[in-house]
Number of protein chains: 2
Amino acid sequence: MEQEFSSVLLENAVSALSRLPGVGRKTALRYALHLLRREPEDAITIGNSIINLRTGIKYCRICHNISEQDICPICSSPRRDSSTVCVVESVKDVMIIENTRQYYGLYHVLGGLISPVDGVGPDMLAIESLVQRVEHGGIQEIILATGTTVEADTTNFYLFRLLSKKVSELKISQIARGVSVGNELEYTDEATLARSLIARTPFEL
Amino acid sequence: MEQEFSSVLLENAVSALSRLPGVGRKTALRYALHLLRREPEDAITIGNSIINLRTGIKYCRICHNISEQDICPICSSPRRDSSTVCVVESVKDVMIIENTRQYYGLYHVLGGLISPVDGVGPDMLAIESLVQRVEHGGIQEIILATGTTVEADTTNFYLFRLLSKKVSELKISQIARGVSVGNELEYTDEATLARSLIARTPFEL
């Protein structure tokens, strides 16, 4: 799709849209031509919503989740259990966990995971503010829900060492790792299966 | 992905991005979260390029291709063969044909195809301006390159009847239909194969 466009405006739009994740020049061109066929109001709405999103967004002062207010609705809700804090990598993880409707505690968004390979150290993440929250008191349990990658394991290990040193009675747990719901054993990898055997739970009716 | 977002700005961006073709709420959310992680300038560039594209774009007065000027570079080029006009459905078709680097004539963008099912009649397409171009003189051949769909066939038939009545010596052709280059006969559909037999061409070394 190496070609010259007859319009600089089209070229600019295709180049800009190609910056979206997973969007190449071909898809970007499809988006641009689609916008040309629609009403101008559509393009103005999309364009402004992108600009407003990036320039107007705020982050919760406590948990660093995106928020319209200084403190997000989850942190300020009296119905949430403020003694439990679930530590996640990103804003998206909060959404995913909220979608399960099984968690009623608070969150703490790290903004990434420790990854020496990518040059991401603990000081680049929202770890200091997590320590402050824990030291401030009132938190009984920290749930580490950072995923199951090497970076997640590293981050979990770092947080465990750091937090257990700061507050002695703090309960630190991590989300269960095991066979996915609906999956057959045949298609489960050995590492997961091994963990699911070690971390077996009592059978209850 | 039916969920409430903690931010109205995010909700607006996701809704707006979902209007792009083939983009659902899940992909739109992915785009939005990606923009949040990047520099604000990125989002401003993308947003403005979309708005500028739709509000600033012009169409060539002669062939209706998109253009920065009143008359597009193809129509105004002295190196193009102005005696041949290739009739296409959309702006994208012009790009595709230009990419082949095998065509040096002019274009005429209809802006759609005749489709009674979708309520698109000849009067809704740029057909009157094509008739005027032909009547104005200087055009020796019209190449119908509208595709191989039912709508394309209908449009080709309509244009052939209309144009051959207006100018008697006008040569009207259509792009060849046959087996795609690189395709095996085994995987070619019968209609295409039948056409490729009927429209067989002399073997030349």
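Worth saying up front: this structure is predicted, and the values here are computed from it rather than measured. (Residues numbered from 1 in each chain as written. Chains lettered and ligands numbered in written order. Predicted model: local features only at pLDDT ≥ 70, side-chain atom pairs only at ≥ 80, totals over all residues. Heavy atoms only, no water.)

Student: Break down the overall build of chain A for me, citing the residues and quoting the values.
Tutor: Along chain A, the regular secondary structure elements total 8 helices and 6 strands. Taken from N to C terminus, the helices and strands of chain A fall in the order α-α-α-β-β-α-β-α-β-α-β-α-β-α. The C-alpha radius of gyration of chain A comes to 22 Å, more than 25% above the 17 Å expected for a compact globule of 205 residues. With the C-alpha coordinates of chain A rotated into their principal frame, the extents come out at 65 × 50 × 40 Å. Once local pairs closer than 6 in sequence are excluded, the contacts in chain A between residues at least 24 apart make up 48%. Accessible surface, chain A as shown: approximately 11900 Å² in total, 53% of it carbon and sulfur. Separation of charge centres in chain A, based on 21 positive and 25 negative side chains, amounts to 3 Å. (Helix = DSSP H or I, 4+ residues; strand = E, 2+ residues; numbered from the N terminus. Rg over C-alpha atoms; globule rule 2.2 N^0.38 Å. Contact = heavy atoms within 4.5 Å. Areas by Shrake-Rupley, 256 points an atom, 1.4 Å probe, with all protein chains shown as cover. Lys, Arg positive; Asp, Glu negative; His and termini not counted. Charge placed at Lys NZ, Arg CZ, Asp CG, Glu CD.)

Student: Explain the interface of chain A and chain B residue by residue, including any values.
Tutor: Each partner contributes residues to the interface: chain A has 55 residues there, and chain B has 55 residues. Of the roughly 5200 Å² buried where chain A meets chain B, counting both sides, 70% is carbon and sulfur surface. Counting the surface chain A buries against chain B, the share from its top three residues, Arg19(A), Leu36(A) and Arg54(A), is 13%. At the surface where chain A touches chain B, the tally comes to 2 salt bridges. Here Asp42(A) and Arg19(B) are joined by a salt bridge, their closest N and O atoms 3.0 Å apart. Taken together, chain A and chain B are joined by 15 residue pairs in polar contact (both at pLDDT 80 or more). For the side of chain A that touches chain B, the secondary structure elements donating two or more residues are helix H1 (8–17), helix H2 (25–37), helix H3 (40–56), strand E2 (66–67) and helix H5 (91–100) of chain A. For the side of chain A that touches chain B, the leading source of residues is H3(A), giving 16 residues. (Buried area = accessible area lost by both parts, 1.4 Å probe. Salt bridge = Lys/Arg side-chain N within 4 Å of Asp/Glu carboxyl O. Polar contact = N/O pair within 3.5 Å; in protein donor to acceptor, adjacent residues only side chain to side chain.)

Student: Quick one: what's the story with the relation of the copies chain A and chain B, residue by residue and with numbers?
Tutor: It takes a turn of 180° to lay chain A on chain B, together with a shift of 0.1 Å along the axis; the resulting RMSD is 0.1 Å. Within this description, the copies of the chain are treated as partners about a two-fold rotation axis. Within chain A, the C-alpha atom positioned nearest to the axis of rotation is that of Gly47(A), 1.9 Å from it. When the interface residues of chain A are mapped onto chain B, 100% of them again fall at the interface, so both copies present the same face. (Least-squares fit on C-alpha atoms with pLDDT ≥ 70 in both.)

Student: Lay out the sheet that holds strand E6 (residues 171–174) of chain B with the relevant residues and their values.
Tutor: Residues and elements named next belong to chain B. Spatial strand order, E4-E3-E5-E6: 4 strands in an open sheet with parallel pairing. Single-partner strands in this sheet number two, and they are strand E4 (105–109) and E6. Between one strand axis and the next, the sheet turns through 25° on average, direction left out of account. Sheet strands in contact with helix H7 (residues 150–166) are strand E3 (81–88), strand E5 (141–144) and E6, and its direction is about 170° off that of E6. (Pairing = 2+ DSSP bridges. Axes fitted to C-alpha atoms, helices over the stretch in contact; angles between N-to-C directions.)

Student: Explain the sheet that holds strand E5 (residues 141–144) of chain A residue by residue, including any values.
Tutor: Residues and elements named next belong to chain A. One open sheet accounts for 4 strands, arranged E4-E3-E5-E6; its pairing is parallel. A strand with exactly one partner marks an edge of an open sheet, and here the two such strands are strand E4 (105–109) and strand E6 (171–174). Along the sheet, successive strands turn relative to each other by an average axial angle of 25°, direction set aside. Relative to E4, strand E3 (residues 81–88) runs parallel, the two being bridged by 5 bridges. What sits directly across from Val88, in E4, is Val109. Packing of H5 onto the sheet brings it into contact with E3 and E4, and relative to E4 it is tilted by some 160°. Along the sheet face, helix H6 (residues 128–136) touches E3, E4 and E5 and points at about 150° away from the line of E4.

Student: Describe the confidence of the model for chain A, naming the residues involved and giving the relevant values.
Tutor: Residues and elements named next belong to chain A. In the predicted model, chain A carries a mean pLDDT of 88, and the fraction of residues at 70 or more is 97%. Predicted confidence in chain A is weakest over helix H8 (residues 190–198), with a mean pLDDT of 80, and strongest over E4, with 95. Across the whole predicted complex the pTM is 0.74, and at the interface the ipTM reaches 0.76. (pLDDT = per-residue confidence, 0-100.)

Student: Before we move on, can you summarise the nonpolar core with the specific residues and values?
Tutor: Counting residues in hydrophobic clusters, the biggest one holds 80 residues, and the most contacted among them are Ile142(B) and Leu163(B). Filtering out sequence-adjacent residues up to four positions away, Leu163(B) remains in contact with Leu130(B), Val131(B), Val134(B), Ile142(B), Leu170(B) and Ile172(B). Judged by nonpolar contacts, the second largest core, of 34 residues, contains Val88(A), Ile97(A), Leu106(A) and Ile127(A). (Core = buried A, V, L, I, M, F, W, Y, C linked by side-chain atoms within 4.5 Å. Buried < 20%, exposed > 50% of the residue type's maximum accessible area, 1.4 Å probe, protein only.)

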